[in-house]
Amino acid sequence: MNILTMVSADVDQGQAHDLTADFENLLAGGLPDGLLETRLLGDGQWHWAIHSLWRDRAALDAMRASPEPPAAPALFRRFTAEPTLVVMQVLAGSADPA
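Residues numbered from 1 in each chain as written. Predicted model: local features only at pLDDT ≥ 70, side-chain atom pairs only at ≥ 80, totals over all residues. Heavy atoms only, no water.

Asks: Honestly, the overall build of the chain in this entry has me stumped. Any pointers?
Replies: In terms of regular secondary structure, the chain is built from three helices and four strands. Ordered by position from the N terminus, the helices and strands of the chain form the series β-α-β-β-α-α-β. The C-alpha radius of gyration of the chain comes to 14 Å, within 12% of the 13 Å expected for a compact globule of 98 residues. Expressed as lengths along the three principal axes of its C-alpha atoms, the size of the chain is roughly 40 × 35 × 25 Å. Counting every position in the chain, which comprises 98 residues, the buried fraction comes to 29%. (Helix = DSSP H or I, 4+ residues; strand = E, 2+ residues; numbered from the N terminus. Rg over C-alpha atoms; globule rule 2.2 N^0.38 Å. Buried < 20%, exposed > 50% of the residue type's maximum accessible area, 1.4 Å probe, protein only.)

Below you can see the structure in the form of structure tokens.
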């Protein structure tokens, strides 16, 4: 079963360009095993989130067990923001067979 992580934080909109560039640099470094897709979202009013779709809970747990800190919270912390994390199971979606 796929897992969706949502890491969110409030970052000054004046840092939007740098935050976006840093996220794109993370992507350029390649995705960890089991990370199917990830997106940076912003509402233009300080609220940011990184949504990441994982193959399964084992893939997420393997990434979290590595010596490197998880990338999404670490990214927000570089911008002096304290991130919050929500982990959810994907129960149904548009990519699921009918």
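After that view of the structure, there is still more to cover.
Asks: Even after reading the chapter, I still don't get helix 3 (residues 71–78), so can you show me in this structure?
Replies: In an α-helix there are 3.6 residues to a turn, and that puts residues three or four apart on one side. Every buried residue of helix 3 is listed here: Ala 72, Pro 73, Leu 75 and Phe 76. Summarising the axial view, the buried residues of helix 3 lie within an arc of 155°, below the 170-degree limit, and thus occupy one face. In this fold, the buried residues of helix 3 make contact with strand 1 (3–10), helix 1 (16–28) and strand 3 (47–54). Of the residues one or two after helix 3, Thr 80 is the one with positive phi, at around 55°. (Arc of directions from axis to C-beta. Contact = heavy atoms within 4.5 Å.)

Asks: What is the right way to read the sheet that holds strand 4 (residues 84–89) from this model?
Replies: Adjacent strands of a sheet pair through backbone hydrogen bonds, lying either parallel or antiparallel. The four strands lie next to each other as 2-3-1-4, forming an open sheet whose pairing is antiparallel. Among the strands making up the open sheet, the edge pair consists of strand 2 (35–42) and strand 4. Taking each pair of neighbouring strands and ignoring which way they run, the sheet shows an average axis angle of 15°. Looking at chain direction, strand 2 and strand 3 are connected through seven bridges and run antiparallel. Looking at strand 3, one finds that Glu 37 is bridged to Leu 53. (Pairing = 2+ DSSP bridges. Axes fitted to C-alpha atoms, helices over the stretch in contact; angles between N-to-C directions.)

Asks: Looking at this model, I keep getting lost on the nonpolar core. Mind explaining?
Replies: In globular proteins that are soluble, nonpolar side chains generally tend to be buried together. Ranked by size, the top nonpolar core spans 14 residues in total, and within it Val 11, Leu 19, Leu 40, Trp 48, Ile 50, Leu 75 and Phe 76 carry the most contacts. When sequence neighbours within four positions are dropped, the list of residues in contact with Val 11 reads Leu 19, Trp 46, Trp 48, Phe 76, Phe 79 and Ala 81. Core analysis: the second largest hydrophobic core is formed by six residues, Ile 3, Leu 35, Ala 59 and Met 63 among them. (Core = buried A, V, L, I, M, F, W, Y, C linked by side-chain atoms within 4.5 Å.)

Asks: Explanation requested: the pattern of salt bridges in the structure shown.
Replies: When the charged atoms of two side chains with opposite charge come close together, those side chains can pair. This model, assessed by the stated rule, comprises five salt bridges. A salt bridge links Arg 77 to Glu 82, with the shortest nitrogen-to-oxygen separation between them at 3.3 Å. With relative accessibility at 58%, the residue Glu 82 sits in the exposed group. (Salt bridge = Lys/Arg side-chain N within 4 Å of Asp/Glu carboxyl O.)

Asks: Any chance you could explain the side chain of Ser 52 here in plain terms?
Replies: Note that Ser 52 resides in strand 3. You can call Ser 52 buried: its relative accessible area is 6%. In terms of polar contacts, Ser 52 uses its side chain to reach the side chain of Thr 38, at 2.7 Å. Apart from residues no more than four positions distant in its own chain, Ser 52 is found in contact with Ile 3, Leu 4, Thr 5, Leu 35, Glu 37 and Thr 38. (Polar contact = N/O pair within 3.5 Å; in protein donor to acceptor, adjacent residues only side chain to side chain.)

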